[in-house]
Amino acid sequence: MFTLVTRVLQGNFGIVEDSFNDAEFFPLINSCEKDVTLNILSVLSELLSAGTHRRIHYMISKGGSEALLQTLVNLARSDSLDYSLLLPLLRLVVKVGQRDANFGEKAQKLEATDVTLSLIRRNLTKSDNITLCIHAIQIYASNGMYVYIGPKFVTLNIE
């Protein structure tokens, strides 16, 4: 992950595309240490906000959106929900999701929609937390999220 962050920061996209390993995103998913995950999220957030859209699209092409969604699912399903990790992660999920055309489908496959809806239910009295969750649901819906209602699937379009 730190290799990816360094390469994206330097802007060496041609070199990165040849030697990038998708497994470099997995430390973010598997990291049990709060400080490591928080540092990775803050670096990614700064890289993706300071640069062009090219960085976000490159991250998406290498499986970054799936890694963020899987991290969200793992974090939300953990025994102790840590909002100091969850809120920056949701901000990054929203930022990346706005640029990923298949984000809703990916969220549905990884069960991130169910997890986000359960986070909304848990945080009905906390407006800061619920706002990010609702924004994430809006991003899932605007990028082709299908929801099972009764005997058929319907497409959610929230505008």
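Notes on the structure follow. (Residues numbered from 1 in each chain as written. Predicted model: local features only at pLDDT ≥ 70, side-chain atom pairs only at ≥ 80, totals over all residues. Heavy atoms only, no water.)

**Quick notes on the overall build of the chain**
Okay, so step 1: Secondary structure assignment for the chain yields ten helices and two strands.
Okay, so step 2: A total of 159 residues make up the chain; the buried ones form 42% of that total.
Okay, so step 3: For the chain, the proportion of contacts with a sequence separation of at least 24, taken over those separated by at least 6, is 69%.
Okay, so step 4: Counting every atom, the chain has about 8600 Å² of accessible surface; 53% of that belongs to carbon and sulfur. (Helix = DSSP H or I, 4+ residues; strand = E, 2+ residues; numbered from the N terminus. Buried < 20%, exposed > 50% of the residue type's maximum accessible area, 1.4 Å probe, protein only. Contact = heavy atoms within 4.5 Å. Areas by Shrake-Rupley, 256 points an atom, 1.4 Å probe, with all protein chains shown as cover.)

**A look at helix H9 (residues 112–122)**
Okay, so step 1: Within H9 the residues assigned to the buried category are Ala112, Thr113, Val115, Thr116, Leu119 and Ile120. Taken end-on, H9 shows its buried residues confined to a sector of 165°, consistent with a single buried face.
Okay, so step 2: Lining the buried residues of H9 we find helix H6 (64–76), helix H7 (83–97), helix H8 (103–109) and helix H10 (127–142). (Arc of directions from axis to C-beta.)

**Examining the pattern of salt bridges**
It is possible for side chains of opposite charge to pair when their charged atoms get near one another.
Okay, so step 1: In total, this model carries four salt bridges according to the counting rule given.
Okay, so step 2: Note that aspartate 82 and lysine 34 form a salt bridge whose closest N and O atoms lie 3.5 Å from each other. Within this pair, whereas aspartate 82 is found in the loop between H6 and H7, its partner lysine 34 is found in helix H4 (residues 34–50), the two being separated by 48 residues in sequence.
Okay, so step 3: Residue lysine 34 is classed as partly exposed on the basis of its relative accessible area of 39%.
Okay, so step 4: Close ionic contact of glutamate 66 with lysine 106 constitutes a salt bridge, the shortest N to O distance being 3.6 Å. Residue glutamate 66 is found in helix H6, and its partner lysine 106 is found in helix H8; the two are separated by 40 residues along the sequence. (Salt bridge = Lys/Arg side-chain N within 4 Å of Asp/Glu carboxyl O.)

**Regarding the nonpolar core**
One recurring pattern in soluble globular proteins: nonpolar side chains tend to sit buried together.
Okay, so step 1: Counting residues in each nonpolar core, the largest one holds 36 residues, and the members touching the most others are Leu68, Leu119 and Tyr140.
Okay, so step 2: For this core, the secondary structure elements donating two or more residues are H4, helix H5 (53–61), H6, H7, H8, H9 and H10.
Okay, so step 3: Broken down by element, this core gets its largest block of residues, nine residues, from H7. (Core = buried A, V, L, I, M, F, W, Y, C linked by side-chain atoms within 4.5 Å.)

**Some words on the environment of proline 88**
Okay, so step 1: Relative to the assigned elements, proline 88 resides in helix H7.
Okay, so step 2: You can call proline 88 partly exposed: its relative accessible area is 25%.
Okay, so step 3: Note: C-alpha distance between proline 88 and leucine 41 (47 residues apart in sequence) is 6.8 Å.
Okay, so step 4: Contact partners of proline 88, with chain neighbours within four places excluded, come to Leu38, Leu41 and Tyr83.

**Some words on the packing of H6 against H9**
Okay, so step 1: Between H6 and H9, the shortest axis-to-axis distance is 9 Å and the interhelical angle comes to 45°. Put simply, H6 runs oblique to H9. When the axes of H6 and H9 are compared, the crossing they make is left-handed. The residues of H9 that touch H6, namely those facing Leu69, Leu72, Val73 and Ala76, are Ala112, Val115, Thr116, Leu119 and Arg122.
Okay, so step 2: Class assignment of the residues belonging to the contact of H6 with H9 gives a composition of seven nonpolar, one polar and one charged. (Axes fitted to C-alpha atoms, helices over the stretch in contact; angles between N-to-C directions. Parallel < 35°, antiparallel > 145°, perpendicular 65-115°, else oblique. Left-handed = near helix turned anticlockwise from the far one by under 90°. Nonpolar A, V, L, I, M, F, W, Y, C, P; charged D, E, K, R; others polar.)

**Brief notes about the packing of aromatic side chains**
Okay, so step 1: For the structure shown, the criterion picks out one aromatic pair.
Okay, so step 2: Relative to tyrosine 140, the ring of phenylalanine 103 has its centre 5.9 Å away and its plane inclined at 35°; by these criteria the two rings are tilted. Of this pair, phenylalanine 103 sits in helix H8 while tyrosine 140 sits in helix H10, and the two are 37 residues apart along the sequence. Assigned by exposure class, phenylalanine 103 and tyrosine 140 land together as buried. (Phe/Tyr/Trp six-rings, centres within 6.5 Å; stacked < 30°, edge-to-face > 60°.)

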